[in-house]
Amino acid sequence: MEMPRIARVWISAMESFPGFALYRVFYEFSLKARDAKVGHSPGMKWQDLNDRTTGMKELLIIMVVEWFILLVVSYCIDKKSSLFRVKTSSSEMNSIRAFDPVEKADVAQERVIVEQFLDQRNGSYSVICDDMKKVYPGKDGNPAKAAVQGLSLALSRGECFGMLGPNGAGKSSFIKMLIGLTKPSSGTAYVEGLNILSDMSRVYTSMGVCPQHDLLWETLTGREHLLFYGRLKNLKGDALSQVVFMDEPSTGLDPASRKQLWDVLRRAKMNRTLILTTHSMKEAERLCDRLGILVDGSLQCIGNTRELKARYGEFYVFTATTPSSDEQEVERSVLQLSANANKTYHTAGTQKFELPKNEVKIADVFKAVEDLKNKVDVQAWGLVDTTLEDVFIKVARGAVELNVR
Ligand SMILES: Nc1ncnc2c1ncn2[C@@H]1O[C@H](COP(=O)(O)OP(=O)(O)OP(=O)(O)O)[C@@H](O)[C@H]1O
């Protein structure tokens, strides 16, 4: 009786399964071996492969072909799963961006400059970041982390740019992408006209990096370090990298060494582009021509120190120290200067107020203090303009509050 078609198809499908084919090879071998033992056959040899009655040759060919097919299938499945991962990450990132307020005018303007440059390719920019994003995939049940969310920057030659931001804001991730330690999830950057996605090895010849954790060799002197790393990059004589990235370069240095480093950097930046991340406002003010504040992966503002202070520092900070029992008298005097004065700090007789610049004249503050001195014992007082630290705290706090709401 002829075998039904479905059964034949099923058997041929099973035979094409590698495990089955392997089993069949061993089965045929064992049959031949048994025959040899009982004296019917000399056993299976390599020359028997051409024996069409055993089908061994076809089986071996099937196994080799299947091995290649499965290799390709496994590669595709592997690729596909990583595609799914990226998809999850970007949807997660979109949900995070949904919290983002409308982009600030200065940040939007920087994006326009980048887009214009990419359209027309004119202008002498040393580093261009084009909508760079970095999403770290979720691990151990934790969600994906969007560390950098669409960063666009255009940095001119000779510019020192400082990236500020609270811990975990994405500063190191930004630097790591630019120096090729990690790939952007999307977007790219151009360093001296070279795309970091396709030309990183050429980018390295014009790039110097000072990572957060130093990479010094105990047995080498400073000069030997320069010679060693210079030789790795094929640099000779006075040649120095055109673009220098520094991740918190002065962290851990004593004040004298820090000052020395700042002097060196100020001299070095003449015709080079410096990009640094720092937690030191003093360092940012001393070295940087422009600053950006990154919070939760998003650039919140960009500009020089004076612009940022003018934009975010709409107040003077007034501090007064009196005996604790006189605190209310001080507060009364301050509120007479401006009903919108805001008390930001208060402990054991020392109080700090923000006075709106558009409502308060400095001369009036001096007069109010003189009047106050006739009533209470003013032990110390001070009036200062907004500092970069005030700007930093205001921007960081504002962005976090917006994201939490
Ligand atoms: N390899 C990684 N895998 C997953 N998440 C990461 C990874 N690297 C960094 N992150 C997360 O991305 C966010 C940004 O980290 P990043 O180190 O870039 O911030 P940072 O601003 O440099 O912080 P700090 O000032 O503390 O150095 C943080 O929440 C961090 O936990």
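Looking at an unreviewed UniProt entry, one finds the chain named ABC transporter domain-containing protein and attributed to Rhododendron simsii. If you open the UniProt record of the chain and go to Sequence similarities (unreviewed entry), you find "Belongs to the ABC transporter superfamily. ABCA family. CPR flippase (TC 3.A.1.211) subfamily."

Secondary structure summary: the chain contains 13 helices and 14 strands in total. In the chain, buried positions account for 27% of the 405 residues. Across the chain, the fraction of contacts at a sequence separation of at least 24, relative to all contacts at a separation of at least 6, is 69%.

The sheet built from 6 strands is open, its strands ordered E6-E7-E8-E3-E9-E10 with mixed pairing. Each end of this open sheet is capped by a strand with a single partner; those strands are strand E6 (207-210) and strand E10 (298-303). The sheet shows a mean angle of 15 degrees between the axes of neighbouring strands, direction not considered. Strand direction decides the pairing type here: strand E3 (residues 160-164) and strand E9 (residues 290-295), joined by 4 bridges, are parallel. Pairing of Gly162 across the sheet is with Leu291, part of E9. Helix H5 (residues 171-178) rests against E3, strand E7 (243-247), strand E8 (273-277) and E9 of the sheet, and its axis sits at about 150 degrees to E7.

On to helix H4 (residues 105-120), then. Across its 16 residues, H4 extends 22 Å between first and last C-alpha, which sits within 8% of the 22 Å expected from 1.5 Å per residue. Where H4 is concerned, the buried positions are Val107, Glu110 and Val114. What you see down the axis of H4 is that its buried residues fit within an arc of 60 degrees, all on one side. Those residues of H4 that are exposed and angled more than 90 degrees off the buried face are Ala105, Ala108, Val112, Asp119 and Gln120. Where the residues of H4 are buried, they touch strand E1 (125-136), strand E2 (145-156) and E10. Phi turns positive one or two residues past the end of H4, at Arg121, with a value near 55 degrees.

On to the site of the ligand. What surrounds the ligand is the set Tyr136, Lys145, Ala147, Gly165, Asn167, Gly168, Ala169, Gly170, Lys171, Ser172 and Ser173. Sorting the residues of the shell around the ligand by element identifies E2 and H5 as the ones contributing at least two each. It is H5 that contributes the most residues to the shell around the ligand, 3 residues altogether. Class assignment for the residues of the shell around the ligand results in 3 nonpolar, 6 polar and 2 charged.

To continue, consider the confidence of the model for the chain. Confidence along the chain averages 82 in pLDDT terms, with 80% of residues attaining 70 or more. Counting interchain partners and residues more than four positions distant, the pLDDT-below-50 stretch residues 84-100 has 20 contacts. This prediction of the complex comes with two scores: 0.68 for pTM and 0.97 for ipTM.

A separate point is the nonpolar core. The biggest cluster of nonpolar side chains holds 57 residues, and the ones touching the most others in it are Val127 and Ala189. When residues in this core are grouped by element, the largest group, 7 residues, is from E2. In contact with Ala189, not counting residues within four places along its chain, are Val127, Ile128, Cys129, Asp130, Met132, Met177, Leu178 and Ile196. In terms of nonpolar packing, the next biggest core, distinct from the first, is built from 10 residues, Phe318, Ala341, Leu355 and Val360 among them.

With respect to the secondary-structure elements, Leu294 resides in strand E9. Measuring from C-alpha to C-alpha, the distance between Leu294 and Phe392 comes to 9.8 Å, with 98 residues separating the pair along the chain. Excluding anything up to four places from it in sequence, Leu294 contacts Met163, Gly165, Ala169, Gly170, Lys171 and Leu299.

Attention shifts here to the UniProt feature "transmembrane region" (unreviewed entry) in the chain. Under the UniProt annotation, the feature "transmembrane region" (unreviewed entry) is placed at residues 59-77. Taken end to end, residues 59-77 comprises 100% helix and 0% strand; its first and last C-alpha atoms sit 26 Å apart.

Moving on, we come to the packing of helix H11 (residues 327-337) against helix H12 (residues 362-375). Between two packed helices, both the angle of their axes relative to each other and the distance between the axes serve to describe the pair. Remark: H11 packs on H12, axes separated minimally by 10 Å, with the N-to-C direction vectors making an angle of 155 degrees. On the basis of the axis angle, H11 is roughly antiparallel to H12. The hand of the H11/H12 crossing is right-handed. In contact with Glu329, Val330, Ser333, Gln336 and Leu337 of H11, H12 contributes Asp364, Val365, Ala368, Asp371, Leu372 and Lys375. Grouping the amino acids of the contact of H11 with H12 by side-chain chemistry returns 5 nonpolar, 2 polar and 4 charged.

Definitions and cut-offs
- Counting of residues starts from 1 at the beginning of each chain's written sequence and follows it residue by residue.
- Local features in a predicted model are, by the rule used here, given only for residues with pLDDT of at least 70; side-chain atom pairs are given and counted only at 80 or more, and totals for whole chains, interfaces and linings are based on all residues.
- UniProt positions are given in the numbering used here, feature names are shortened, and annotations may be inferred rather than shown by experiment.
- Strands are runs of DSSP state E lasting at least two residues, helices are runs of H or I lasting at least four, and both sets are numbered from the N terminus onward.
- Counting other C-beta atoms within 10 Å of a residue's C-beta gives its exposure: the residue is buried at 20 or more, exposed at 12 or fewer, and partly exposed in between, where C-beta atoms are placed from the backbone.
- Contact between two residues is assigned whenever their backbone-derived C-beta positions fall within 7 Å.
- One requirement defines pairing of two strands: DSSP has to find at least two bridges between them.
- To get an axis, a line is fitted to the C-alpha atoms, and for a helix only the part in contact is used. The angle between two axes follows their N-to-C directions and goes from 0 to 180 degrees.
- Multiplying 1.5 Å by the helix residue count minus one yields the expected span of that helix.
- By construction, the arc corresponds to the directions joining the helix axis to the C-beta atoms.
- The rule is simple: place the C-beta atom from the backbone, and if it lies within 6 Å of a molecule or strand, the residue is near it.
- In this count, Pro and Cys sit with the nonpolar residues alongside Ala, Val, Leu, Ile, Met, Phe, Trp and Tyr, while Asp, Glu, Lys and Arg are called charged and the others, Gly among them, polar.
- The predictor attaches a confidence to each residue, and that confidence, scored 0 to 100, is pLDDT.
- Each nonpolar core consists of buried Ala, Val, Leu, Ile, Met, Phe, Trp, Tyr and Cys residues. Their C-beta atoms, within 7 Å, join them into a set.
- Roughly parallel means an angle under 35 degrees; roughly antiparallel means over 145; roughly perpendicular covers 65 to 115; every other angle is labelled oblique.
- Each crossing gets its handedness from the near helix: less than a right angle anticlockwise from the far helix is left-handed, clockwise is right-handed.

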